[in-house]
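Descriptive structure summary
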Amino acid sequence: MDLMVFLIPAALFLALLGLGAFFWSLSAGQYDDLDGAAHRILIDEEDDA
Amino acid sequence: MAHAALAGEIGCPSGLSPASDDASSADPSAFVRRDAQGRDTLELMVQGAKCSGCIRKIEGGLLALPGVGDARLNLSTGRLRVAWRPGALAARDVTAALTRLGYGASAFDPAEAVRRIDEEGRALLRRLAVAGFAAMNIMMFSVPVWSGDGEMGPATRTLLHWISALVAIPAALYAAQPFFRSAWRALRVRRANMDVPISLAVVLTLAVSIAETARQGDHAYFDGITMLLFFLLIGRYLDHRLREQARTAARDLLALQTVTASRVEADGRVNAVASRDIKVGDRLLLAAGDRAPVDGVVEEGDSEFDCSMLTGETLPQHAGVGTVVRAGVVNLTQRIVLCVTAAARDSAIAELARLIEIGEQGRARFVRLADKAAALYVPVVHSLAALTFVGWLWGPMALRALGFEAMDVDARVALLNAVAVLIITCPCALGLAAPAVQVVATGRLFKRGVLVKSGDALERLAQVNVAVFDKTGTLTRGKPRLVSAVDADTLLAAAALARVSRHPLSRALVEAAGPGAAAKDAREVHGEGVEAGPMRLGRRSFAAPQAADSDDGAMELWFADGVRPPVRFAFADAVRSDAAQTIAALRKRGMRVELISGDRRAAVAAAAREAGIEDWVAGASPSDKTARLAALRAEGKFPLMVGDGLNDAPALAAAHASASPGTALEASQAASDIVFQGEGLSALVEAVDVAKAARARVVENLLFSALYNIVAAPLAMAGLLTPFIAALAMSSSSLIVTLNALRLQTGSKRLWT
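Overview of the structure.

The rules behind these values
Residues numbered from 1 in each chain as written. Chains lettered and ligands numbered in written order. Predicted model: local features only at pLDDT ≥ 70, side-chain atom pairs only at ≥ 80, totals over all residues. Heavy atoms only, no water. Helix = DSSP H or I, 4+ residues; strand = E, 2+ residues; numbered from the N terminus. Buried < 20%, exposed > 50% of the residue type's maximum accessible area, 1.4 Å probe, protein only. Areas by Shrake-Rupley, 256 points an atom, 1.4 Å probe, with all protein chains shown as cover. Contact = heavy atoms within 4.5 Å. Expected span 1.5 Å × (residues − 1). Arc of directions from axis to C-beta. Pairing = 2+ DSSP bridges. Axes fitted to C-alpha atoms, helices over the stretch in contact; angles between N-to-C directions. Buried area = accessible area lost by both parts, 1.4 Å probe. Salt bridge = Lys/Arg side-chain N within 4 Å of Asp/Glu carboxyl O. Nonpolar A, V, L, I, M, F, W, Y, C, P; charged D, E, K, R; others polar. Phe/Tyr/Trp six-rings, centres within 6.5 Å; stacked < 30°, edge-to-face > 60°. Lys NZ or Arg CZ within 6 Å of the ring centre and 35° of its normal. Polar contact = N/O pair within 3.5 Å; in protein donor to acceptor, adjacent residues only side chain to side chain. Parallel < 35°, antiparallel > 145°, perpendicular 65-115°, else oblique. Left-handed = near helix turned anticlockwise from the far one by under 90°. Core = buried A, V, L, I, M, F, W, Y, C linked by side-chain atoms within 4.5 Å. Domains from an automatic or database assignment.

1. Re the overall build of chain A
- The helix and strand inventory of chain A stands at two helices and zero strands.
- Residue burial in chain A is summarised as follows: out of 49 residues, 16% are buried.
- Accessible surface, chain A: about 3700 Å² in total, of which carbon and sulfur atoms supply 68%.

2. Describing the overall build of chain B
- Looking only at helices and strands, chain B features 27 helices and 27 strands.
- Expressed as a percentage of its 753 residues, the buried residues of chain B come to 53%.
- Counted over contacts in chain B with a minimum sequence separation of 6, partners at least 24 positions apart contribute 68%.
- Carbon and sulfur atoms make up 59% of the accessible area of chain B, which amounts to about 33000 Å² in all.

3. Comments concerning helix α7 (residues 177-188) of chain B
Residue and element names in this part refer to chain B.
- Spanning 12 residues, α7 covers 16 Å between terminal C-alpha atoms, matching the ideal 16 Å at 1.5 Å per step.
- Within the sequence span of α7, burial applies to P178, F179, S182, A183 and A186. Down the axis of α7, the sector holding all buried residues measures 125 degrees, keeping them to one side. Along α7, exposed side chains directed more than 90 degrees from the buried face belong to W184, R185 and R188.
- Positive phi shows up at R190, right after α7, with a value of about 55 degrees.

4. Points about the sheet that holds strand β26 (residues 657-661) of chain B
Residues and elements named next belong to chain B.
- Strand order in this open sheet of seven strands is β15-β27-β26-β25-β16-β23-β24, and the pairing throughout is mixed. Of all the strands in the sheet, just β15 (450-452) and β24 (615-617) have a single pairing partner and so form its edges. Between one strand axis and the next, the sheet turns by 20 degrees as a mean value, whatever way the strands run.
- In this sheet, strand β25 (residues 639-642) lies alongside strand β16 (residues 466-469) in parallel orientation, the contact comprising four bridges. Each residue of the ladder has a partner; that of V468, found in β25, is M641.

5. So, the interface of chain B and chain A
- The interface of chain B with chain A comprises 28 residues on the first partner and 25 residues on the second.
- Buried area between chain B and chain A, summed over both chains or domains, comes out near 2200 Å², and the portion from carbon and sulfur atoms is 67%.
- In this structure, the connection of chain B to chain A is made through one salt bridge.
- Among the elements of the structure, α2 (52-63), β3 (68-74), α5 (119-147) and α6 (154-175) of chain B are those that each provide at least two residues to the side of chain B that touches chain A.
- Looking at the side of chain B that touches chain A residue by residue, the classes come out as 16 nonpolar, six polar and six charged.

6. Structural notes on unusual backbone geometry
- Positive phi outside glycine occurs at B:Q216, with the angle close to 55 degrees.
- Classification of B:Q216 as partly exposed rests on a relative accessible area of 43%.

7. Description of the pattern of salt bridges
Residue and element names in this part refer to chain B.
- Applying the stated criterion across every chain yields a total of 27 salt bridges over all chains.
- Between R157 and D218 there is a salt bridge, with its nearest N and O atoms 3.2 Å apart. Residue R157 is found in helix α6, and its partner D218 is found in the loop between α8 (195-214) and α9 (222-257); the two are separated by 61 residues along the sequence.
- Among the salt bridges present, the one from R628 reaches E594, with a minimum N-O distance of 2.7 Å. Residue R628 is found in helix α22 (residues 622-634), and its partner E594 is found in strand β23 (residues 592-596); the two are separated by 34 residues along the sequence.
- In this structure R628 comes out as partly exposed when scored by relative accessible area, which is 25%.
- One salt-bridge network, in which partners are shared between bridges, spans E212, R215 and R412.

8. Here we look at the packing of aromatic side chains
- Taken as a whole and assessed by the stated rule, the structure comprises two aromatic pairs over all chains.
- With a centroid separation of 6.0 Å and 45 degrees between ring planes, the pair formed by B:F230 and B:F231 is classed as tilted.
- The exposure class assigned to B:F230 is partly exposed, which follows from its relative accessible area of 22%.
- Sitting over the ring of A:F23, B:R126 keeps its end group 6.0 Å from the ring centre.

9. Some remarks on the side chain of B:R477
Residues and elements named next belong to chain B.
- Here R477 is to be found in the loop between α16 (471-475) and β17 (481-482).
- A polar contact of 3.1 Å, which involves the side chain of R477, links it to the side chain of E511.
- Here R477 is in contact with E511, D573, A574, R576 and E679, once residues within four sequence places are set aside.

10. Some remarks on the packing of α7(B) against α8(B)
Residues and elements named next belong to chain B.
- Axis separation between α7 and α8 bottoms out at 8 Å; the angle between their running directions is 125 degrees. When the axis of α7 is compared with that of α8, the two are oblique. Between α7 and α8 the crossing geometry is left-handed. Taken together, the residues of α8 that come into contact with α7 (itself represented by F179, F180, S182, A183 and L187) are D195, V196, I198, S199, V202 and V203.
- Per-class residue counts for the contact of α7 with α8 are eight nonpolar, two polar and one charged.

11. Here's the deal with the sheet that holds β17(B)
Residues and elements named next belong to chain B.
- If you trace the six strands from one edge of the open sheet to the other, you get β17-β22-β21-β20-β19-β18, paired in antiparallel fashion. For this open sheet the edge positions go to β17 and β18 (523-525), each flanked by a neighbour on one side alone.
- Two elements, strand β20 (residues 535-538) and strand β21 (residues 555-560), share three bridges in a ladder whose sense is antiparallel. When the bridges of β21 are listed, G538 appears paired with W558.
- Taken strand by strand, helix α17 (residues 488-498) contacts β17, β19 (529-532), β20, β21 and β22 (567-572), and its axis lies near 75 degrees from that of β20.

12. Focus: the nonpolar core
Residue and element names in this part refer to chain B.
- Grouped together as the largest cluster of nonpolar side chains are 124 residues, with contacts concentrated most on F469 and L475.
- Broken down by element, the residue count for this core peaks at 14 residues, all from helix α25 (residues 682-717).
- Residue contributions to this core reach at least three from each of two domains, namely domain 2 (118-260) and domain 4 (446-478 + 576-693).
- Not counting chain neighbours up to four residues away, the residues in contact with L475 comprise F469, D470, V575, R576, A579, I583, L595, A611, I613 and L681.
- Within the second largest apolar cluster, 29 residues are counted, among which are A49, L73, A97 and A274.

13. What to know about the packing of α8(B) against helix α13 (residues 411-424) of chain B
All names here are of chain B.
- Between α8 and α13, the least distance of the axes is 10 Å, while the angle of their chain directions is 140 degrees. It follows that α8 is oblique to α13 by the angle criterion. The two elements α8 and α13 meet at a crossing, and its hand is left-handed. Mapping the contact onto sequence places L200, A201, L204, T205, V208 and E212 in α8 and R412, L415, L416, V419, L422 and I423 in α13.
- For the contact of α8 with α13, the residue count by class is nine nonpolar, one polar and two charged.

This is the structure in structure tokens:
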């Protein structure tokens, strides 16, 4: 029973952290070009000399 | 250079999209804007970018230009943003570089492209995330309450309820705002939409649950209400995304329409101006390949015009000084100077725009299936909830009056049961029923190269029973094609001359011959043909004056090399290879097919015969076409219009549903519900099939939602509903509806026959 006092806030805090991360990614424009993001991972790092 | 291997390749390296060969002649410099960091920026719409290779080629190619600091391509929207140091290069260099890479590009009017980020969609996603967060966390407190039934003391249970309330109240009030606002808007005009019962359920459920928690009661619906909002917001977001797609497509087209023109100033300099800034009396330079942005009269020069977009006529028309030019025609061979007689908004195009608007008003009256269901659903649910409350409150009294034994219940229980009805019947499944299906259906068609512009478009497409085709550019390719058999050497020799000309017949000859080099000293003799030393290609009178006239009326080119007898190349605007097959497939689906064209009788009759269409009309004006569609509608038919020209645009807007090929003019694409890419017409049949299947899925989903409510509502009315059952029923019904929608994705084999 005592444990719940810590566990419930801890669980809520972790979930809020996830929610905050989602909000950040949304406003950072990470959802604006979903097709492009899927293809960009296939592009090798440029090594032009 | 690291990608030397790529340098020679043109267009999409994966071959997903054909390379674009037309050089964009409009100067985009009128659309360059200075950004906050003092750089010049330009927004472009790129055609043909499909894969990661395209991203690398386009971004890499542009960054290699001197002074370019930033180039970013959005693959989802096809928009490219380029920023460079002012003065380092001209806007034209950017489009020229893209053309070299093999991609078509057109500049955006920044005024039209401002609202690039979909703020409303982001806000909905945020609310969706909050509702999801609340639903999951409250479930963490609810599961112990459900499973610990009997073992858990009331103190622990109430503590868990209070913590749930702490999460649920702010989350629900925040997440439900779109529903509150929409319900309020509807109530203010004394109407009820789906959001009225939703809002009522949210507010009442929260209030009753708080009251129950305060008196240490058994049942609190914090879990149910947040989950409900979560599911509803998913449906709302999907719906929003579809509408946004349609709006963006329309806006992109509008932005593209604002083409630039080259204005000749009094001092002889040529400036790029946006077409809306053109005034009467301005002198415009129209290079070969340019489209006239406004009406005017030819002042200098002598050329040929392609009027097919306006009249449906395939043969180019000659134009000299004094010829009246209407907006929308394409200048083919020589540069000319045009004196403007009407500004863009007064041009012939404006009259067409007015006709389009009238057509679209008619279409706005279409009521979507889901809205029809909502209109039935709202009064039923409200009466049921009211009946439950009244029944529990006064039912026992009435029973006693009839001589039965009955215990009075207090108003609290009556209210609790009424709220339970509102919760359980809340239209989760109904809200997801249509959007989930439409998202899957449009996604599937998109992969086939068919862009569906809205969810209603699919519903309207499913109803069509008459298909009306335009000829030029729709049933046919809109471009002449070589039809006579000639030996390969002659063809190559003639094509070497044709390569220097923009005339459609020359282009067709080059297309038939394949890649090769142009003849060295070839020059175009205006209005006659091309000559290179002793070789001549062109009109009969120019290339082979002694040859006998063969009057079969076909488009022809003559080729003489000065040694052998002259050769005749005959051309025809051939019907697309799969046209007859497509029309037969549409017939098999119970559709009547008609052909209505502005072209000459003989040409239309030939195309109709080849495609297998019996009902055809030739020489039709744009208003004749809309009149035909109106007549069909008056007969109670649902016509589908398929067309590509500017003269088809009003008809496209007036039809019940409309489609245009990807080669159509922007205005026609904007007026159409679906745009299909590729050489063939068969995508149309698939679009109709998918639309029909989607409609069947939506109806199934709506029926299922009704069935679910028929089972669940009596349970709630009888007071048998617990929060556990409510949560289970709501989530399972939403899941079933979504899974049913996903069946569209996999059902491809059965659909296409």
